[in-house]
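# Architecture at a glance
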2 protein chains.
Amino acid sequence: MDTVFKALADPNRRRILDLLKKKDMSVTDLQEYFDFTQASLSHHLDVLKRADLVVTERRGQFIIYSLNISVFEEMANSVLNYFKYDKRK
Amino acid sequence: MDTVFKALADPNRRRILDLLKKKDMSVTDLQEYFDFTQASLSHHLDVLKRADLVVTERRGQFIIYSLNISVFEEMANSVLNYFKYDKRK
DNA sequence: AGTATCCATAGATATTCATCTATATATTAA
DNA sequence: TTAATATATAGATGAATATCTATGGATACT
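For every chain, the first residue of the written sequence is number 1, and numbering continues from 1 onward in sequence order. Both sets of labels track the order of writing: A upward for chains, 1 upward for ligands. Per-residue local features of the predicted model are confined to residues with pLDDT of at least 70, and side-chain atom pairs are confined, for both listing and counting, to 80 or more; whole-chain, interface and lining totals are unaffected and use all residues. Here the side-chain values reflect all heavy atoms present in the structure, with hydrogen atoms and water set aside.

### Quick notes on the sheet that holds strand β2 (residues 54–59) of chain B
Residue and element names in this part refer to chain B. Think of it this way: DSSP has to see at least two bridges between two strands before they count as a pair. Secondary structure elements are defined from DSSP: runs of H or I of at least 4 residues count as helices, runs of E of at least 2 residues count as strands, and each element is numbered from the N terminus. If you trace the three strands from one edge of the open sheet to the other, you get β1-β3-β2, paired in antiparallel fashion. Both outer strands of the open sheet, β1 (25–26) and β2, are each paired with one neighbouring strand and no more. Bridge count for β2 against strand β3 (residues 62–67) is six bridges, and the pairing is antiparallel. Within β3, the residue paired with E57 across the bridge is I64. Contacts were defined at the residue level, with two residues in contact if any of their heavy atoms lie within 4.5 Å. Fitting a line to C-alpha atoms yields each axis, with helices limited to the stretch in contact; the angle taken between N-to-C directions then spans 0 to 180 degrees. Across the sheet, helix α2 (residues 11–22) is in contact with β1, β2 and β3; its angle to β3 comes to roughly 95°.

Here is the structure:
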């Protein structure tokens with residue numbers, strides 16, 4: 001849970017997730033959307049992977065990144081729960 | 001939006017929000033739940049305030065912190081939207 | 001087999017950030 | 001007005017992190 005929030009704290013990583021929402025992509029595909037180096041992109045993907053927000057699959061030379069849908073949905077629920085409160089004045 | 005995610009990235013700040021869900025509290029009240037110094041607590045509260053997640057009201061000597069409910073609910077919605085995706089395989 | 005491409009990893013650097021101590025500011029109490 | 005309490009702020013320090021260059025390991029192409 002902590003790793004998830006930390007993963008989401010970086011705008012570039014949120015952008016990556018946004019892109020993966022639309023379609024699965026290789027690192028090379030993703031690279032076109034960012035100015036930093038491939039090493040940095042790889043680092044961000046690693047953070048997302050450690051947070052279990054994305055999964056990978058090798059397809060020939062390429063490694064395809066996609067959302068980990070179950071965790072993504074779990075997160076949606078737990079975040080929603082998190083923002084629910086029940087304060088009595 | 002970025003400041004909100006950054007604010008949520010720290011577990012201590014999420015704990016503060018959890019506590020404020022139950023009731024409004026002064027810094028002194030909150031202090032009992034944490035081991036770090038008052039200065040550190042003040043810093044975390046500042047981050048939450050800059051993210052607009054909490055609001056303050058002076059009550060005598062005390063400064064009472066409470067959730068900024070509208071932003072909190074906004075956040076719930078936008079986060080939920082964030083986690084909704086529509087990927088076609 | 002050799003080369004090119006794709007991605008990850010190692011190591012360095014700079015920035016951000018969580019925390020501390022010390023102090024300033026505001027309010028209350030004596 | 002002086003002392004005590006509540007909170008914020010300034011400045012320092014160490015840890016975490018985002019980024020870079022350089023390189024390694026894997027697969028594909030010729």
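### Digging into the protein's contact with DNA strand D
Whether a residue is near a molecule or strand is decided by its heavy atoms; if any one of them lies within 4 Å of it, the residue is near. If you check the shell around DNA strand D, you find 23 residues, and the closest are S40(A), H44(A), T28(B), S42(B) and Y65(B). Of what DNA strand D places within 4 Å of the protein, 72% of the atoms are sugar or phosphate. As used in this structure description, the phrase polar contact means that two N or O atoms lie within 3.5 Å; if the pair is within protein, one of them must be able to donate a hydrogen and the other to accept it, and residues adjacent in sequence are counted only when both atoms belong to side chains. Contact distances for DNA strand D include 3.4 Å between a phosphate oxygen and a side-chain N or O atom of N12(A). One of the side-chain nitrogen or oxygen atoms of H43(A) is found 3.2 Å away from a phosphate oxygen of DNA strand D. Residue assignment for the surface near DNA strand D shows that the elements contributing at least two residues are α2 (11–22) and α4 (38–50) of chain A together with α3 (27–31), α4 (38–50) and β3 of chain B. Considering each element in turn, the surface near DNA strand D owes the most residues, four residues, to α4(A). Residues are grouped as follows: Ala, Val, Leu, Ile, Met, Phe, Trp, Tyr, Cys and Pro are nonpolar; Asp, Glu, Lys and Arg are charged; all remaining types, including Gly, are polar. For the surface near DNA strand D, the per-class residue count stands at seven nonpolar, twelve polar and four charged.

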